[in-house]
Amino acid sequence: LTALKFVLYFFSGSIAVLSEAWHSFSDITTSLLVLLALWRSAYLAKRDQARPENESMDTETDGTRGIKRLFGRIFGEHIEITVSLMIGIFLTIISISLIINSFSENPIIIQQPLATGIIFLVLSAGSYFLFKFLSIVGRAEKSAALISDGLHSKGDMACSSLAGLSLILYYFGINIDKWASLAIALFILSF
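K.L.:
Summarise the overall build of the chain; cite the residues concerned and give the values.
P.N.:
Across its full length, the chain holds seven helices and zero strands. The contacts of the chain with a sequence gap of at least 6 include a subset with a gap of at least 24, amounting to 78%. Element-wise, carbon and sulfur atoms account for 70% of the exposed surface of the chain, whose accessible area totals about 11,100 Å².

K.L.:
Requested: an account of the packing of aromatic side chains, with residues and values cited.
P.N.:
Per the stated rule, a full pass over the model turns up six aromatic pairs. Geometrically, the ring pair formed by phenylalanine 6 and tryptophan 22 is edge-to-face, given 5.3 Å between the ring centres and 90° between the ring planes. Of this pair, phenylalanine 6 sits in helix α1 (residues 2–12) while tryptophan 22 sits in helix α2 (residues 15–50), and the two are 16 residues apart along the sequence. Accessibility expressed as a relative area gives 18% for phenylalanine 6, which makes it buried. A residue is classified by how much of its surface remains accessible, and tryptophan 22, at 36% relative accessible area, is partly exposed. Measuring from ring centre to ring centre gives 5.1 Å for tyrosine 171 and phenylalanine 172, while their planes differ by 85°; the resulting arrangement is edge-to-face.

K.L.:
Any details on the packing of α2 against helix α6 (residues 144–171)? Residues and values, ideally.
P.N.:
Running from amino to carboxyl end, α2 crosses α6 at an angle of 165°, the nearest separation of the two axes being 10 Å. Classified by the angle between their axes, α2 and α6 sit roughly antiparallel to one another. Crossing geometry of α2 relative to α6 is assigned as left-handed. On α6, the residues that touch Ala16, Val17, Glu20, His23, Ser24, Ser26, Asp27, Thr30, Ser31, Val34 and Leu38 of α2 are Ala145, Leu146, Asp149, His152, Gly155, Asp156, Cys159, Ser160, Ala163, Ser166 and Leu167. Of the residues assigned to the contact of α2 with α6, the class counts are nine nonpolar, nine polar and four charged.

K.L.:
Explain a nonpolar patch on the surface to me, and be specific about the residues and the numbers.
P.N.:
Nonpolar side chains collect at one region of the surface, where Trp22, Phe25, Ile28, Leu32, Leu35, Leu36 and Trp39 lie side by side and expose about 700 Å² of accessible area between them. Considering the arrangement of structural elements, one finds isoleucine 28 in helix α2. Accessibility expressed as a relative area gives 41% for isoleucine 28, which makes it partly exposed.

K.L.:
Please set out helix α7 (residues 177–190) residue by residue, giving values where relevant.
P.N.:
Along its 14 residues, α7 runs 20 Å from first to last C-alpha, staying within 8% of the 20 Å computed at 1.5 Å per residue. Among all positions of α7, only Asp177, Ala180, Ser181, Leu182, Ile184, Ala185 and Ile188 are buried. On its buried face, α7 is in contact with α2, α4 (79–104) and α6.

Conventions we followed
- Residues numbered from 1 in each chain as written.
- Predicted model: local features only at pLDDT ≥ 70, side-chain atom pairs only at ≥ 80, totals over all residues.
- Heavy atoms only, no water.
- Helix = DSSP H or I, 4+ residues; strand = E, 2+ residues; numbered from the N terminus.
- Contact = heavy atoms within 4.5 Å.
- Areas by Shrake-Rupley, 256 points an atom, 1.4 Å probe, with all protein chains shown as cover.
- Phe/Tyr/Trp six-rings, centres within 6.5 Å; stacked < 30°, edge-to-face > 60°.
- Buried < 20%, exposed > 50% of the residue type's maximum accessible area, 1.4 Å probe, protein only.
- Axes fitted to C-alpha atoms, helices over the stretch in contact; angles between N-to-C directions.
- Parallel < 35°, antiparallel > 145°, perpendicular 65-115°, else oblique.
- Left-handed = near helix turned anticlockwise from the far one by under 90°.
- Nonpolar A, V, L, I, M, F, W, Y, C, P; charged D, E, K, R; others polar.
- Patch = residues over 30% accessible without salt bridge, like charges linked within 9 Å, V, L, I, M, F, W, Y side chains within 5 Å.
- Salt bridge = Lys/Arg side-chain N within 4 Å of Asp/Glu carboxyl O.
- Expected span 1.5 Å × (residues − 1).

Written as structure tokens, this is what we have:
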């Protein structure tokens, strides 16, 4: 779907479509971060269950032990919180670059706005179902990372809808492409 959004940008030239394509690309990145966090949590849980209670991991010097302990907390017992923070930082970077892009682009003529707009509205339905799925599973599993990824999918749904609507309006002579791009960027920043 993300590749399709970039292809639609090249056919349409819409900055709102480009903003939504980058937002969808960030979906892939955040989903991979969540997957890695869940794999790491599962690995650590299995490792801790297999280790005898009297076995100690502390064989290093105090300095090395402190660094390993900090690393173990950040990427161990707190991995999902760390990943949620990384998702937030990543979304902030994406949104700021899109805000800059919204103000720096010259006016362009959008090609195939009606067809592209309708495709984007259909794509937003897929994002809605992904949001519901991730939110339900995240709450059931008490996973901060899955809940965060679900909110990201909710944002994707809203942004795809806005991009689709702006393209349909463009077809009817109302050009809000830059404003839609800016709104998408600000919406991403809000998450």
